[in-house]
Amino acid sequence: MQLEETLSYDDVLLQPSYSDFLPGDTDVTTTILPGVNLQIPILSAAMDTVTEDRLAIALALEGGVGVIHRNLPPAEQARQVGMVKRFLNWVIESPVTVDEDQTVHEVWEIMTGYRISGLPVLSGGRLCGIITSRDMRFCRDYTLKVRDVMTPNPVVEVGRPDIESAKEKFDTHKIEKLPVVDGEGRLTGLITVKDLEKHNDFPHAATDSSGRLLVGAAISPNDVDDRLPLLTESKVDFVVLDTAHGDSRNVADAVARVKDRYGIPVIGGNVATVEGTRRLIEAGADAVKVGVGPGSICTTRVVAGIGVPQFSAVVWAVEAAAKTGTPIIADGGIKYSGDVVKALAAGAHAVMIGNLFAGLRESPGREIIFEGRIFKSYRGMGSIGAMKQGSADRYGHSATEEPVPEGIEGRVPYKGELSPFVHQLVTGLRKGMGYCGCRSLDQLRKYKKFIKISAAGLREGHVHDVVITQEPPNYSR
Ligand code: IMP
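Because the structure is a prediction, the values reported are computed rather than measured.

Reading the values: rules and limits
- Residues numbered from 1 in each chain as written.
- Predicted model: local features only at pLDDT ≥ 70, side-chain atom pairs only at ≥ 80, totals over all residues.
- Heavy atoms only, no water.
- Pairing = 2+ DSSP bridges.
- Helix = DSSP H or I, 4+ residues; strand = E, 2+ residues; numbered from the N terminus.
- Axes fitted to C-alpha atoms, helices over the stretch in contact; angles between N-to-C directions.
- Domains from an automatic or database assignment.
- Phe/Tyr/Trp six-rings, centres within 6.5 Å; stacked < 30°, edge-to-face > 60°.
- Buried < 20%, exposed > 50% of the residue type's maximum accessible area, 1.4 Å probe, protein only.
- Lys, Arg positive; Asp, Glu negative; His and termini not counted.
- Salt bridge = Lys/Arg side-chain N within 4 Å of Asp/Glu carboxyl O.
- Polar contact = N/O pair within 3.5 Å; in protein donor to acceptor, adjacent residues only side chain to side chain.
- Contact = heavy atoms within 4.5 Å.
- Patch = residues over 30% accessible without salt bridge, like charges linked within 9 Å, V, L, I, M, F, W, Y side chains within 5 Å.
- Areas by Shrake-Rupley, 256 points an atom, 1.4 Å probe, with all protein chains shown as cover.

**Side note on the sheet that holds strand S20 (residues 373–379)**
Thought 1: Here we have 3 strands laid out as an open sheet, ordered S19-S20-S21, and antiparallel in their pairing. Edge strands, defined here as strands with exactly one partner in the open sheet, are strand S19 (368–370) and strand S21 (409–413). Between one strand axis and the next, the sheet turns through 50 degrees on average, direction left out of account.
Thought 2: The sheet contact formed by S20 and S21 spans 5 bridges and is antiparallel. In the strand pairing of S21, Tyr 378 is matched with Gly 410.

So this is what it looks like as structure tokens:
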């Protein structure tokens, strides 16, 4: 028997090369799926302590994309996808509306449910007014009908909306919402001043062709037909077959079913071999997610004795995907920004991150104070707690069986807001590209000048022989 030699991120380094540009001049955009173009090559993990709508919004505003986890009932997951899709628009295509006969109380419920501050009012299907939180503020009687409280005959944009003309109307009339109607007065959209401002504030946001933030959702082979109808209605951009063993018949079948029935881009996973990658591509996966056992909370390798060190897994998958040009997503095991550089130089189109994002303000859950320091919880989707809440089938269990976990429940240091943290991560990536003389991720993927290092080399690369007195934002042990 000949044993294959494998490597993890810590076993390798990239050799530096000549460069004639500054790290700031690098281009870190990437396409992970047809129509899904990211400004930074980062996805957040579909985990219940990492990605819900809040983190997905924050990450997409920075140019990456979040994958909403699936330990949520289908309707709640789809609602969160909807929250991300509605966060930023040029034109809201199907705005939430009310009828003039509804009560102010119903308006209040809709506004709080969707966290929106103004609704177009319809009468017989045609626009007749607008009701905003300003109208509500001065209303003492919530049993009143909308028609008694709304602002009638609002300023509108007619026909195909034009952003410049919309901006002019906002300024001239000092309004915050501008309904769009067709020639017959039927509502076709809504433009809000907040959206226009947000587009200015986040010029690098990852958006679809209508200017809405990108978002993905995790599904299982068992719930394709429960989740997909709701997710497509919420305009999800892609789905991820979120399984621990993607090289299996039910996952390949599910990939094919999503493509056939719903025609939506799909990421298949997780695999860690050439054959596994090939089988998912043959089944129709638009991208393949790679990682069996590298996750920081993962015990799969010790519980089941299987897995592939992540650097080798990515290299193998990239080889397998080369013929079709299918993007590979390196999932798990990213500890520092340098690992992002290594994953992309190994040929991945993007990385997926759990641990590093779990401590951010925008991740689900509250901060925990322990012995005077602040933490947030982070747990594997194969931990006892997460499996009991629904993710058991990710690990081939039914929800009623006694769980045999493949992950742990723990905590990570609180890291503050996502934006400055992602800036550190992406600037680390740009620095790596600068050192290699690679201006684009395409060039970095072709660079291939890796060297293998020893344990002494790894030790030398970390901080050594000193006590850190001021922790930098991008390094801790
Ligand atoms: P991390 O960024 O190293 O923490 O890895 C996150 C990745 O670990 C996720 O995207 C999943 O692919 C994987 N993962 C999540 N939960 C578990 C688990 O309980 N066991 C094994 N792997 C997991």
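Alright, that's what it looks like, and here's the rest.
**Some points on the domain arrangement of the protein**
Thought 1: When the domains of the protein are assigned, the result is domain 1 (9–88 + 204–461) and domain 2 (98–192).
Thought 2: Taking the mean C-alpha position of each, domain 1 and domain 2 sit 39 Å from one another.

**A word on the packing of aromatic side chains**
Thought 1: Applying the stated criterion across every chain, the model contains 4 aromatic pairs.
Thought 2: A ring pair is formed by Phe 311 and Phe 450, whose centres lie 4.7 Å apart and whose planes are at 70 degrees; its orientation type is edge-to-face. A residue pair is termed long-range when its members are at least 10 positions apart, and Phe 311 in helix H12 (residues 310–321) and Phe 450 in strand S22 (residues 450–452) qualify at 139 residues.
Thought 3: When the ring of Tyr 336 is compared with that of Tyr 475, the centres are 5.5 Å apart and the planes differ by 20 degrees; the resulting orientation is stacked. Here Tyr 475 lies in the segment after helix H18 (455–461) and Tyr 336 lies in the loop between strand S17 (328–331) and helix H13 (337–345), a separation of 139 residues in the sequence.

**Points about the side chain of Glu 362**
Thought 1: As for its placement among the helices and strands, Glu 362 is situated in the loop between helix H14 (355–358) and S19.
Thought 2: Comment: no salt bridge for buried Glu 362; closest opposite-charge side chain is Arg 361, at 5.3 Å.
Thought 3: In terms of polar contacts, Glu 362 uses its side chain to reach the backbone amide nitrogen of Leu 418, at 3.0 Å.
Thought 4: With residues near it in sequence (within four places) discarded, Glu 362 still touches Arg 54, Leu 55, Ala 58, Gly 416, Glu 417 and Leu 418.

**A closer look at the environment of Val 341**
Thought 1: With respect to the element layout, Val 341 can be found in helix H13.
Thought 2: C-alpha separation for the pair Val 341 and Leu 429, spaced 88 residues apart in sequence, amounts to 5.4 Å.
Thought 3: Not counting residues within four places of it along the chain, the set of residues in contact with Val 341 comprises Leu 14, Gly 428, Leu 429, Gly 432 and Leu 444.

**Topic: a nonpolar patch on the surface**
Thought 1: Judged by side-chain polarity, Val 302, Val 303 and Val 404 come together as a nonpolar surface patch covering roughly 280 Å² of accessible area.
Thought 2: With respect to the helices, strands and loops of the structure, Val 302 is situated in helix H11 (residues 300–304).

**A few points about the sheet that holds strand S14 (residues 238–241)**
Thought 1: Spatial strand order, S4-S5-S13-S14-S15-S16-S17-S18: 8 strands in a closed barrel with parallel pairing. Taking the axes of each pair of neighbouring strands and ignoring which way they run, one obtains an average angle of 25 degrees across the sheet.
Thought 2: Alignment of strand S4 (residues 42–44) against strand S18 (residues 350–353), held across 3 bridges, turns out to be parallel. Bridged to Leu 43 within S18 is Met 352.
Thought 3: The strands touched by helix H8 (residues 224–233) within the sheet are strand S13 (216–219) and S14, with S13 carrying the most contacts at an inclination of about 165 degrees.

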